[in-house]
Amino acid sequence: MVTTSKDHENHYAYATNLSNIQASNGCLSIQIRKHNVALFYHNSKVYAVDNRCPHMGFPLSKGTVKDSILTCHWHHARFDLKNGGTFDQWAGDVHSFPVEIRNKNEVWVDVSSIP
Ligand code: FES
């Protein structure tokens, strides 16, 4: 299947402004298409992951990010913020979403993988 740049644009949904994430101590929980997504501003980039920890559902927006590792505060599972990969196999990977910054301040999230 051939994808065009228009297809690419249509996969993205506006989430919020970058300044809103920065003003929320670098983490903002939002809903996109009825899906809870945690947005993190870390090392000058924005990352988006499912806000539900794959282990037992604790909100990852209440976790901690250090050195690009997101740690859930319930049982301390750790995830690579860049791709959602877990460092603790018992927890599983968290779904991550590609992010684009448009017009210098708009955060757009690729929602094509949201059912
Ligand atoms: S719910 Fe996140 S580590 Fe258990």
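Check the entry above for the structure.
The residue numbers shown here count from 1 along each chain, following its written sequence. Owing to the predicted nature of the model, reporting of local features is limited to residues with pLDDT of at least 70; listing and counting of side-chain atom pairs is limited to 80 or more, with chain, interface and lining totals taken over all residues.

A.B. asks: What's the story with the overall build of the protein in this structure? I'm lost.
C.D. replies: Each helix is a run of DSSP H or I of at least 4 residues and each strand a run of E of at least 2, with the numbering of both proceeding from the N terminus. Within the protein, the regular secondary structure consists of two helices and 10 strands. Listed N to C, the secondary structure of the protein is α-β-α-β-β-β-β-β-β-β-β-β in terms of helices and strands. For a compact globule the rule gives 2.2 Å times the number of residues to the power 0.38, and the radius of gyration it is set against comes from C-alpha atoms. Relative to the globule expectation of 13 Å for 115 residues, the C-alpha radius of gyration of the protein, 14 Å, shows essentially globular dimensions. The principal-axis extent of the C-alpha atoms belonging to the protein is close to 40 × 35 × 25 Å. A total of 115 residues make up the protein; the buried ones form 25% of that total. Think of it as a crowd count around each C-beta: if 20 or more other C-beta atoms lie within 10 Å the residue is buried, if 12 or fewer it is exposed, and in between it is partly exposed, with C-beta placed from the backbone throughout.

A.B. asks: How should I be thinking about the sheet that holds strand 1 (residues 12-17) in this particular structure?
C.D. replies: Strand-to-strand pairing in sheets goes through backbone hydrogen bonds, with the strands running parallel or antiparallel. Pairing within the open sheet is antiparallel, and its three strands lie in the order 1-10-9. Each edge of the sheet is formed by a strand with only one pairing partner; in this case those strands are strand 1 and strand 9 (99-102). Sheet twist, expressed as the mean angle between neighbouring strand axes with direction ignored, is 30°. At least two DSSP bridges between two strands are required for those strands to pair. Where strand 1 meets strand 10 (residues 106-110), five bridges bridge the pair, whose relative direction is antiparallel. Where helices are involved, their axes are fitted lines through C-alpha atoms of the stretch in contact, as for all axes, and angles between N-to-C directions lie from 0 to 180°.

A.B. asks: Please explain the nonpolar core as it appears in this structure.
C.D. replies: Proteins that are soluble and globular tend to have nonpolar side chains buried together. Structurally, a nonpolar core is described as a collection of buried Ala, Val, Leu, Ile, Met, Phe, Trp, Tyr and Cys residues joined by way of C-beta atoms within 7 Å. If you look at the biggest cluster of nonpolar residues, it comprises 25 residues, and the most contacted ones within it are Leu39 and Ala48. Contributions of two or more residues to this core are made by strand 2 (27-32), strand 3 (35-42), strand 4 (45-50) and strand 10. Take this core: its biggest share by element is five residues, from strand 3. Remark: residues whose backbone-derived C-beta atoms lie within 7 Å of one another are considered to be in contact. Those residues in contact with Ala48 that sit more than four places away from it in its chain are Val37, Leu39, Ser96, Phe97, Val99 and Val109.

A.B. asks: Before we go on, may I ask you to explain the environment of Gly85 in this structure?
C.D. replies: Among the secondary structure elements, Gly85 is positioned in the loop between strand 7 (78-80) and strand 8 (96-97). Residues Gly85 and His95, 10 residues apart in the sequence, show an inter-C-alpha distance of 8.3 Å.

A.B. asks: Just checking my understanding: could you explain unusual backbone geometry for this structure?
C.D. replies: Among all residues except glycine, the phi angle is most often negative; among peptide bonds, the trans geometry is most common. With a phi close to 50°, Arg33 is a non-glycine residue in the positive phi region. Along the polypeptide, Arg33 turns up in the loop between strand 2 and strand 3. With phi around 70°, His76 is a residue other than glycine that occupies positive phi space. Looking at where His76 falls in the secondary structure, it is placed in the loop between strand 6 (69-71) and strand 7.

A.B. asks: Looking at this structure, I do not really get the pairing of strand 4. What am I missing?
C.D. replies: On any regular strand, side chains alternate: one points to one face of the sheet, the next to the other face. Where strand 3 and strand 4 come together, six bridges link them in antiparallel fashion. Among the inter-strand pairings, Tyr41 is bridged to a residue of strand 4, identified as Val46. Counting the residues between successive antiparallel strands, the hairpin from strand 3 to strand 4 contains two residues, one of them, Asn43, with a positive phi of roughly 50°.

A.B. asks: Sorry, what's going on with the sheet that holds strand 5 (residues 64-66) here?
C.D. replies: Pairing is antiparallel in the open sheet, where three strands are placed in the order 5-6-7. Looking along the sheet, the strands with just one partner apiece sit at the ends: strand 5 and strand 7. Strand-to-strand twist in this sheet, taken as the mean axis angle between neighbours without regard to direction, amounts to 25°. Taken together, the three bridges between strand 6 and strand 7 define a ladder with antiparallel strand orientation. For Leu70, the partnering residue across the bridge sits in strand 7 and is Phe79.

Spatial relationships are all this shows, so hold off on functional conclusions.
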